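Letter by letter, the chains look like this.
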Amino acid sequence: MKIPTDRKYLATHEWFKPEGDLLVVGISQFAADELTDITFVDLPAVGTKVQAGKAFGEIESVKATAELISAVSGAVAEINAALADAPELVNGDPFHKAWMVKIKPGDRSGLDALMDAAAYESHCAAGAH
Amino acid sequence: MLQTPLHDFHVSLGAKMVDFAGWHMPVYYRGITEEHVHTRTNASLFDVSHMGRIRFDGPDVQALLQHVCTRNLKDTAVGQSKYAHVCREDGGILDDVIVSRHAGHWVMVCNASNREKILAWLHRHSAGRKTDILDQTLDTAMFAVQGPAAVSLVESRFGVPVGSLKRYWFVEGSVLGMDYCIYRSGYTGEDGVEAIVPAAAVAMILPYLVSDGGASGECRPAGLGARDTLRMEAAMPLYGHELTEDVDTLSAGQGWCVDLSVDFVGAAAMRAIKAVGLRKKLVGLELEGKRIARQGYPIVRDGAPVGTITSGTMSLTLDKSIAMGFLATEWTEPGTHVSIDLGRKEAPARVVPLPFYRRAK
């Protein structure tokens, strides 16, 4: 599995990629494969406040529901509107086209605790869910 | 973890494997949606070898099976199968099974997760009866071919006339010393068959069904994921979801497989439950929106809990969020509006008749 090295990862399989003063957030291929076919991504409205360690949205697949957790506190600056009509993009291209939200962080300290690609790969290999 | 005789086949096709009831099983090969749709439009091969297969011999077999099964087995003909529940004295469901009458013996197919429990239960109730109980699960393989093309496919590839079989009847035979048994049954809401063959023979049979790695043929492999979404559309109950030890067969909406005129373990309790009237019923629900009701989510009405979800998914055939659940009897009329508690949100839902999907005959 190819895991991008230009971003960091939570143990709960969200990725966080800096883009200017924003953080782009999505889920990993491992998570998408585990969830199976994704049918709906429930995202917050632009402007919604998010809290580090708390859920800001939910993903539905034919098999399971998963929460989307933020690593930082801040506000939602943008959401990926393409996912509303094409949630299957998350299965096909979770690291790029199927980004979920862009967060304007109030404080980036939550990022320090995240895993880099190598650590995240070991985490997945250990069968973590 | 246990492996079925088809394990290497799954792995060679790159299936996503999971632990299911102690077995290493494929959840999907190409994707649940594609496998689901292919089953509804063509035919799919499912490995169901994880399910328990128990053989019964001896003069008292029918008496034993009638003692533990909810169904009246008296008129079961040779070549006929019957779906039934095995229940505790209080009516709680221990398992749902299919029993089949052969010329000189019977076979029971039970759920993988309940095999040890059911074997223990059978041994306990066979005390004093002349029966031999043999667990054949590891010596045999079982697969299903399901879909509108399934029956003609099995007939043309194997030359066995299954098209003339009625549903829940079976045909058995032997080819090159290999015993097979083919049942007109399944768990998808489509026409099709389920077959039991020797474990050592199944690898030889597969190329007749699935060609080209299964990616482009008429019959393609499908995993447990599609099996679950297919059975949900057809409103077929699943042990551990709609059926548990905490519910009796009548309340689980499966009264059609109960004959209270015969005596079986749990019959007295069910007669009492029937006399008082059912306090809850299994219903179908359609949710507004795209959220999905999962097992255990509360069903609420005017802010008060009135039931619990047992299964839910996005119906790939209907493109609707569907669920089944137990609901207090007073709210079970189709059209009744309820809400599903999703945790941070609620989704409006209404009661609908089951099944969600019925195939064109």
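Residues numbered from 1 in each chain as written. Chains lettered and ligands numbered in written order. Predicted model: local features only at pLDDT ≥ 70, side-chain atom pairs only at ≥ 80, totals over all residues. Heavy atoms only, no water.

Here's the deal with the pairing of strand E2 (residues 14-19) of chain A
Residue and element names in this part refer to chain A. By the bridge criterion, two bridges tie strand E1 (residues 8-9) to E2 in an arrangement that is antiparallel. Within E2, the position partnered with Tyr9 by the bridge is Trp15. The pairing of E2 with strand E3 (residues 22-27) spans six bridges and is classified as antiparallel. Each residue of the ladder has a partner; that of Glu14, found in E3, is Ile27. Here E2 folds back onto E3 in antiparallel fashion, the turn holding two residues, of which Gly20 has a positive phi close to 65 degrees. (Pairing = 2+ DSSP bridges. Helix = DSSP H or I, 4+ residues; strand = E, 2+ residues; numbered from the N terminus.)

Re the side chain of Ser44 of chain B
Relative to the helices and strands, Ser44 of chain B is located in strand E3 (residues 43-47). In this view, Ser44 of chain B contacts Glu35, His38, Thr39, Ala144, Val145, Gln146, Cys219, Arg220 and Ala222 of chain B; residues no more than four positions away in its chain are not counted. (Contact = heavy atoms within 4.5 Å.)

Thoughts on the domain arrangement of chain B
Residue and element names in this part refer to chain B. As assigned here, chain B comprises domain 1 (1-275) and domain 2 (279-352). Its C-alpha centre places domain 1 at a distance of 28 Å from the equivalent point of domain 2. The interface is formed by 19 residues belonging to domain 1 together with 15 residues belonging to domain 2. Interface of domain 1 and domain 2: buried area, both sides summed, is about 1,300 Å²; carbon and sulfur atoms make up 62% of it. Interface area lost by domain 1 to domain 2 is led by Met232, Glu233 and Glu242, which between them contribute 40%. Here domain 1 and domain 2 share zero salt bridges between them. Counting only elements with at least two residues in the side of domain 1 that touches domain 2, the list comes to helix H2 (32-41) and helix H7 (224-233). For the side of domain 1 that touches domain 2, the per-class residue count stands at six nonpolar, eight polar and five charged. (Domains from an automatic or database assignment. Buried area = accessible area lost by both parts, 1.4 Å probe. Salt bridge = Lys/Arg side-chain N within 4 Å of Asp/Glu carboxyl O. Nonpolar A, V, L, I, M, F, W, Y, C, P; charged D, E, K, R; others polar.)

Points about the packing of helix H5 (residues 150-158) of chain B against helix H6 (residues 202-209) of chain B
All names here are of chain B. At a minimum axis distance of 10 Å, the contact between H5 and H6 shows a crossing angle of 115 degrees. Where H5 crosses over H6, the two elements pack in a sense that is right-handed. Mapping the contact onto sequence places Leu153, Arg157 and Phe158 in H5 and Ile205, Tyr208 and Leu209 in H6. Looking at the contact of H5 with H6 residue by residue, the class counts come to five nonpolar, no polar and one charged. (Axes fitted to C-alpha atoms, helices over the stretch in contact; angles between N-to-C directions. Left-handed = near helix turned anticlockwise from the far one by under 90°.)

Some words on the nonpolar core
Leu45, Phe143, Val145, Val162, Ile182 and Leu209 of chain B are the most contacted members of the largest nonpolar core, which has 28 residues in total. Among the elements of the structure, E3, strand E9 (140-146), H5, strand E11 (178-183), strand E12 (192-198) and H6 of chain B are those that each provide at least two residues to this core. Here Ile182 of chain B is in contact with Val154, Val160, Val162, Leu165, Trp169, Phe170, Val171, Val193, Glu194 and Ala195 of chain B, once residues within four sequence places are set aside. Counting residues in hydrophobic clusters, the runner-up holds 27 residues, among them Ala31, Phe56, Val76 and Val101 of chain A. (Core = buried A, V, L, I, M, F, W, Y, C linked by side-chain atoms within 4.5 Å. Buried < 20%, exposed > 50% of the residue type's maximum accessible area, 1.4 Å probe, protein only.)

Here we look at the pattern of salt bridges
Residues and elements named next belong to chain B. This model, assessed by the stated rule, comprises 31 salt bridges over all chains. Between Glu233 and Arg40 there is a salt bridge, and its shortest N-O distance comes to 2.9 Å. Residue Glu233 is located in helix H7, and its partner Arg40 is located in helix H2; the two are separated by 193 residues in the primary sequence. Here Glu233 falls in the buried class, since its relative accessible area comes to 0%.

Digging into the interface of chain B and chain A
The partner chain A presents 18 residues to the 19 residues of chain B that form the contact. Here chain B packs against chain A, burying approximately 1,500 Å² in sum over the two surfaces, 43% of which is carbon and sulfur. The largest share of the area that chain B buries against chain A comes from Arg291, Arg294 and Arg344 of chain B, three residues that together contribute 36% of it. Joining chain B to chain A, the criterion identifies nine salt bridges. Glu67 of chain A is paired through a salt bridge with Arg344 of chain B; the nearest N and O atoms lie 3.1 Å apart. Between chain B and chain A we count 16 residue pairs in polar contact (both at pLDDT 80 or more) in total. (Polar contact = N/O pair within 3.5 Å; in protein donor to acceptor, adjacent residues only side chain to side chain.)

Quick notes on helix H3 (residues 61-68) of chain B
Those residues of H3 of chain B that sit buried are Val61, Leu64, Leu65, Gln66 and Val68 of chain B. The inward-facing, buried residues of H3 of chain B contact strand E4 (52-57), strand E5 (80-87), strand E6 (93-101), strand E7 (106-110), helix H4 (115-125) and strand E8 (132-135) of chain B.

Let's talk about the sheet that holds E7 of chain B
All names here are of chain B. In spatial order, the strands read E5-E6-E7-E4-E8; together these five strands make up an open sheet with antiparallel pairing. The open sheet terminates on both sides in strands that have one partner only, identified here as E5 and E8. Strand-to-strand twist across the sheet, computed as the mean angle between neighbouring axes with direction ignored, equals 25 degrees. Here E6 pairs with E7 via four bridges, running antiparallel. The partner of Ile98 across the bridge, within E7, is Val109.

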